[in-house]
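Structural overview for review
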Amino acid sequence: MNEFEIILNGGYKGCCNIFPASQLRMFLKDWYSPKDKVTITIIDIERDYWESDELADYAFHKIGNECFPLVYLNNSLIAVSQFPDKSDLDEWLIKSPVINKESILLSGKNNEK
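On a predicted model such as this, the values are computed, not experimentally measured, just so you know. (Residues numbered from 1 in each chain as written. Predicted model: local features only at pLDDT ≥ 70, side-chain atom pairs only at ≥ 80, totals over all residues. Heavy atoms only, no water.)

On to the sheet that holds strand E6 (residues 76-80), then. Read across the sheet, four strands follow the order E4-E1-E5-E6 without closing on themselves; strand pairing throughout is mixed. The open sheet is flanked by strand E4 (38-44) and E6, the only strands paired with a single partner. With direction set aside, neighbouring strand axes in the sheet form an average angle of 20 degrees. As paired elements, strand E1 (residues 2-8) and strand E5 (residues 70-73) share four bridges and run antiparallel to each other. Within the sheet, the bridge partner assigned to Ile-7 lies in E5 and is Leu-70. Strands in contact with helix H1 (residues 21-28) are E1 and E4; relative to E4, the strand with the most contacts, it is inclined by about 165 degrees. Of the strands in this sheet, E1, E4, E5 and E6 touch helix H3 (residues 86-94), which is tilted by about 130 degrees from E1. (Pairing = 2+ DSSP bridges. Helix = DSSP H or I, 4+ residues; strand = E, 2+ residues; numbered from the N terminus. Axes fitted to C-alpha atoms, helices over the stretch in contact; angles between N-to-C directions. Contact = heavy atoms within 4.5 Å.)

In this section: the nonpolar core. The nonpolar side chains of soluble globular proteins are, as a tendency, buried together. Core analysis: the biggest nonpolar cluster contains 15 residues, and Ile-7, Trp-50, Leu-70, Tyr-72, Val-80 and Ile-104 have the highest contact counts within it. Residue assignment for this core shows that the elements contributing at least two residues are helix H2 (54-63), E5 and E6. With four residues, the top contributor of residues to this core is H2. Each residue touching Ile-7, except ones within four places of it in the same chain, is listed here: Ile-43, Ile-45, Trp-50, Phe-68, Pro-69, Leu-70 and Tyr-72. (Core = buried A, V, L, I, M, F, W, Y, C linked by side-chain atoms within 4.5 Å. Buried < 20%, exposed > 50% of the residue type's maximum accessible area, 1.4 Å probe, protein only.)

Locating Asp-44 in the fold gives a position in strand E4. Buried charge without a salt bridge: Asp-44, with Arg-47 as the nearest opposite-charge side chain at an N-O distance of 5.1 Å. Those residues in contact with Asp-44 that sit more than four places away from it in its chain are Leu-8, Asn-9, Gly-10, Gly-11 and Ala-21. (Lys, Arg positive; Asp, Glu negative; His and termini not counted. Salt bridge = Lys/Arg side-chain N within 4 Å of Asp/Glu carboxyl O.)

Purely geometric numbers; function is a separate question.
Right, here's the structure in full:
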């Protein structure tokens with residue numbers, strides 16, 4: 001079983017709207033069937049309990065709220081500042097990306113543009 005966790009802080013902020021976690025759960029609920037053995041959990045830290053880890057703390061310290069959404073695959077942080085689409089998730093299931101402090105800093109610089 002593979003589990004994705006998408007961590008938000010006050011919903012997902014798009015260019016023109018803020019999408020609450022409840023609405024995103026509805027959008028994503030049919031992306032995988034039970035036979036795929038993939039679950040997607042969306043957590044909004046404004047409403048739900050979530051325990052941070054060292055890399056997430058580092059991302060928040062370095063780039064602030066711009067680090068959200070955080071994406072985890074099987075309890076490992078794999079993306080910051082990016083809400084994935086289905087093709088991202090499918091690709092990450094095949095080859096899980098590696099994230100480290102340097103890639104977090106690069107992500108923050110890309111968001112400044």
